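Residue-level structure breakdown
For reference, the chains in residue letters:
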Amino acid sequence: MPIKLLDPQVVARIAAGEVVERPASVVKELVENALDAGATQVTVEAAGGGISLIRVTDNGVGIPANEVELAFQRHATSKIASLVDLESISTLGFRGEALASLIAVGEVELATCAAGETAGSYLHLVDGEIVDRTPQGRSRGTTITVRGLFHNVPARLKFLKSTATEGGHIAAVVTHYALAYPEVRFTLSVDRRTTLSTPGNGRLIDCVVEVYGADTARGMIELRRDNSWDGAGQDTVAVTGLVGSPAVSRSNRNYLSCFVNRRWVNSRLLTWALEEAYHGLLMTGKHPAAVLNISIPPGEVDVNIHPAKMEVKFRDERRVFAAVQRLVRRALIEPVSLPRIEDPAATYAAPTSSLSTRPLPAEKVERPSGLPLARPVPAFALPALRPLGQVAGCYIVAEGPDGLYLIDQHAAHERVLFEQIVGQRAQRQLEVQGLLEPQTFEVSPAQNAALLSRLDELAGFGFTLEPFGERAYLVRAVPAFLNRKDWMAVLREIADSPGGGEDWSERTTASIACHSAVRAGQTLGDDEMRALLRQLEQTALPSTCPHGRPTMLHLNSAYLEREFGRRG
Ligand code: ADP
Ligand code: MG
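This text gives an overview of the structure that appears in the document. Quick caveat: nothing in here was measured; it's all calculated off a predicted structure.

**Looking at the pairing of strand β10 (residues 238-244)**
Within β10, 6 of the 7 residues are buried, which leaves it mostly tucked inside the rest of the structure. The pairing of strand β9 (residues 220-222) with β10 spans 3 bridges and is antiparallel. Looking at β10, one finds that M220 is bridged to G244.

This is the structure:
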């Protein structure tokens with residue numbers, strides 16, 4: 001075929017494809033427009049997975065009557081005027097493409113009224129052409145209704161998932177923007193059922209209660225602004241938000257929201273920094289719950305990477321990474337006060353939605369009262385605990401200032417020993433236990449290779465090993481922690497762990513701690529229990545074992561009182 005210029009309609013549809021990938025993209029663009037218009041109330045309605053209907057209503061500044069047609073033209077925007085503006089974008093939109101794309105793939109109605117106007121405008125577009133335009137009364141703000149999305153792009157329609165899945169994507173968009181803008185009242189209704197409704201009172205924690213439920217919200221830690229990290233005293237990267245204590249971790253990353261200058265973004269860098277901060281606190285396969293707000297001078301970040309505007313590029317990635325990782329880590333390991341949550345039973349109605357449309361469904365269904373039965377303790381400093389007894393040879397029952405604690409004796413002791421080993425190694429004071437007679441430790445060729453490359457490091461842990469032929473080692477000394485314990489099991493674990501990697505010494509420390517710790521089923525005397533609790537109180541991270549499992553559960557006084565009917 002000879003080269004030909006494409007028909008404008010084809011061009012429009014190709015371009016639209018980049019911006020409007022699925023119904024949720026339409027919702028995203030319309031919600032962003034509402035927020036850019038300064039709305040304090042945004043209502044999103046969707047039906048049939050967004051294919052039959054999407055309607056977004058806001059109370060923002062509105063579009064002046066003489067601009068309504070222009071708004072639908074490609075590259076028409078009120079948000080930037082020049083190349084210079086592109087260097088520092090402070091609005092969510094700036095490409096002037098969304099409305100133009102929308103009318104290429106769906107039937108659109110606009111009703112809007114700008115501040116100061118007595119009458120508003122109504123515009124109806126079909127296949128990109130205006131079919132009706134009349135004045136129409138309405139209060140200040142804008143409503144855009146989209147019907148029959150992708151009716152003229154069968155290829156796109158074919159690739160959409162079920163209406164429930166598309167509805168879920170829409171819910172995710174609204175949920176994220178609700179978390180990014182706690183001062184805005186968001187309402188989402190899917191197929192006429194309200195599935196999300198945020199208070200718009202400016203409190204992020206209240207949005208989290210609404211979106212993720214009270215259980216998760218209660219385990220969130222507020223990030224405190226860190227002004228100290230930037231030597232110059234002016235921190236150009238400000239990180240705020242809420243991060244979940246390890247106890248509210250999830251098995252996927254759906255509970256992790258990152259916003260850059262209040263734009264919802266997909267950022268591998270931010271996810272990575274966040275997960276680094278949880279290093280050693282989460283079980284493998286678990287991910288944190290978090291709402292991260294990054295504020296950065298607009299010139300430090302490029303959002304003009306892709307038409308969907310979900311990707312960003314930071315000018316100084318290392319700086320952003322460090323800011324996030326450092327602040328989150330500090331929040332997780334320092335004792336902090338939990339954000340106060342009103343009694344959810346009194347303040348918040350039980351979720352009204354069905355699971356299929358609930359945004360980011362919670363992993364466990366809440367009890368009607370919204371109160372957890374017993375919750376793992378966040379990674380904070382532990383109050384003084386008084387042991388009351390032992391249950392099933394595994395758990396210590398203890399009383400604290402606020403109710404009852406159940407402590408897993410093995411996990412707790414592992415945590416204590418882990419930190420002791422780390423401390424002793426840091427001071428080069430790790431105690432070594434010489435063996436009366438050297439013992440042989442037999443290995444396979446693979447194990448041999450793994451150990452041979454680590455002999456020096458193993459010596460640093462107190463293991464003195466000498467190669468003894470091809471298939472064995474002579475062990476002359478072991479860490480004192482493992483005296484009369486199964487140190488061979490530790491060596492086997494080390495020899496069997498593939499590769500090495502940065503966390504080799506952490507894993508080795510954890511393995512020694514695990515095999516030195518009291519085991520489940522071991523009866524403990526009162527003094528032993530008391531000593532273990534005292535030691536646990538001294539640790540930096542009392543609430544999880546080195547593998548990230550919880551060391552304890554807490555039944556607080558309020559819970560006990562409520563369950564025994566002492567309080568309403
Ligand atoms: P962009 O957001 O990139 O400017 P859009 O195509 O999304 O491009 O919108 C074009 C223009 O229409 C915007 O710049 C804005 O002036 C106007 N507009 C769109 N939606 C709204 C709204 N909800 N309230 C006020 N103005 C709006
Ligand atoms: Mg826009």
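**Thoughts on the environment of L452**
Within the secondary structure, L452 is located in helix α13 (residues 445-452). Judged by its relative accessible area of 45%, L452 falls in the partly exposed class. What L452 contacts, discounting residues up to four positions off in sequence, is P467 and Y473.

**Some remarks on the pattern of salt bridges**
When the charged atoms of two side chains lie near each other, side chains of opposite charge can form a pair. Applying the stated criterion across every chain, the model contains 20 salt bridges. The salt bridge partner of K309 is E32, with a shortest N-O separation of 2.8 Å. Taken together, the residues K309 in the loop between β14 (301-302) and β15 (313-314) and E32 in helix α2 (residues 23-36) connect sequence positions 277 residues apart. The two residues K309 and E32 agree in class, both being buried. Among the ionic pairs, E457 bridges to R454, the shortest N-O distance being 2.8 Å. Overall, the relative accessible area of 15% leaves R454 in the buried class.

**Some words on the site of ligand 1**
With respect to spatial proximity, 19 residues lie near ligand 1, and among them N33, T77, S78, K79 and G96 are the closest. Between ligand 1 and G96, the relevant distance is 2.8 Å, taken from an oxygen atom to a main-chain nitrogen or oxygen of the residue. When ligand 1 sits alone it has 520 Å² of accessible area, and the protein chains cover 93% of it. If you list the elements that add at least two residues to the shell around ligand 1, you get α2 and α4 (98-105). When the residues that make up the shell around ligand 1 are grouped by side-chain class, the tally is 8 nonpolar, 7 polar and 4 charged.

**A few points about the packing of α13 against helix α15 (residues 487-496)**
To characterise two packed helices, one gives the angle between the axes of the helices and the distance between these axes. Direction vectors running N to C along α13 and α15 enclose 90°, while the axes themselves pass 8 Å from each other. Considering the angle they form, α13 stands roughly perpendicular to α15. Facing α13, whose interface residues are Q447, A450 and L451, α15 presents L491, R492, I494, A495 and D496. Of the residues belonging to the contact of α13 with α15, the class tally is 5 nonpolar, 1 polar and 2 charged.

**Side note on the packing of helix α12 (residues 409-426) against helix α17 (residues 526-538)**
For the pair α12 and α17, the least separation of the axes is 9 Å and the interaxial angle reads 50°. Classed by the angle they form, the pair α12 and α17 counts as oblique. By crossing handedness, the relation of α12 to α17 is classed as left-handed. Judged by residue contacts, Q409, A412, H413, R415, V416 and Q420 of α12 engage L532, Q535 and L536 from α17. Residues belonging to the contact of α12 with α17 are distributed by class as follows: 4 nonpolar, 4 polar and 1 charged.

**Here's the deal with the sheet that holds strand β21 (residues 464-467)**
As summarised here, the arrangement of the 3 strands in space is β20-β22-β21, forming an open sheet in which the pairing is antiparallel. Of all the strands in the sheet, just β20 (432-442) and β21 have a single pairing partner and so form its edges. Neighbour-to-neighbour, the strand axes of this sheet turn through a mean angle of 15°, independent of strand direction. Two elements, β20 and strand β22 (residues 472-479), share 7 bridges in a ladder whose sense is antiparallel. Across the sheet, F441 pairs through a bridge with Y473, a residue of β22. Together, β20, β21 and β22 form the strand contacts of α15, whose direction differs from that of β20 by roughly 60°.

**Focus on empty space enclosed by the protein**
To locate leftover empty space, one rolls a probe as large as a water molecule over the atoms. Under the counting rule described, the total for this entry stands at 3 cavities of 30 Å³ or more. Looking at the largest cavity, its volume works out to about 90 Å³. What lines the largest cavity is I89, S90, T91, L92, V260, N261, R263, P298, V301 and V303. Its residues placed into classes, the lining of the largest cavity shows 6 nonpolar, 3 polar and 1 charged. Counting contributing residues, the lining of the largest cavity receives three or more from each of domain 1 (8-210) and domain 2 (219-335).

Conventions adopted
Residues numbered from 1 in each chain as written. Chains lettered and ligands numbered in written order. Predicted model: local features only at pLDDT ≥ 70, side-chain atom pairs only at ≥ 80, totals over all residues. Heavy atoms only, no water. Buried < 20%, exposed > 50% of the residue type's maximum accessible area, 1.4 Å probe, protein only. Helix = DSSP H or I, 4+ residues; strand = E, 2+ residues; numbered from the N terminus. Pairing = 2+ DSSP bridges. Contact = heavy atoms within 4.5 Å. Salt bridge = Lys/Arg side-chain N within 4 Å of Asp/Glu carboxyl O. Near = heavy atom within 4 Å. Polar contact = N/O pair within 3.5 Å; in protein donor to acceptor, adjacent residues only side chain to side chain. Areas by Shrake-Rupley, 256 points an atom, 1.4 Å probe, with all protein chains shown as cover. Nonpolar A, V, L, I, M, F, W, Y, C, P; charged D, E, K, R; others polar. Axes fitted to C-alpha atoms, helices over the stretch in contact; angles between N-to-C directions. Parallel < 35°, antiparallel > 145°, perpendicular 65-115°, else oblique. Left-handed = near helix turned anticlockwise from the far one by under 90°. 1 Å grid on protein atoms, 1.4 Å probe; cavity = no way out; pocket = protein on both sides within 12 Å on 5 of 7 lines; lining within 4 Å. Points joined across faces, edges and corners; volume = space filled by probe spheres on them. Domains from an automatic or database assignment.

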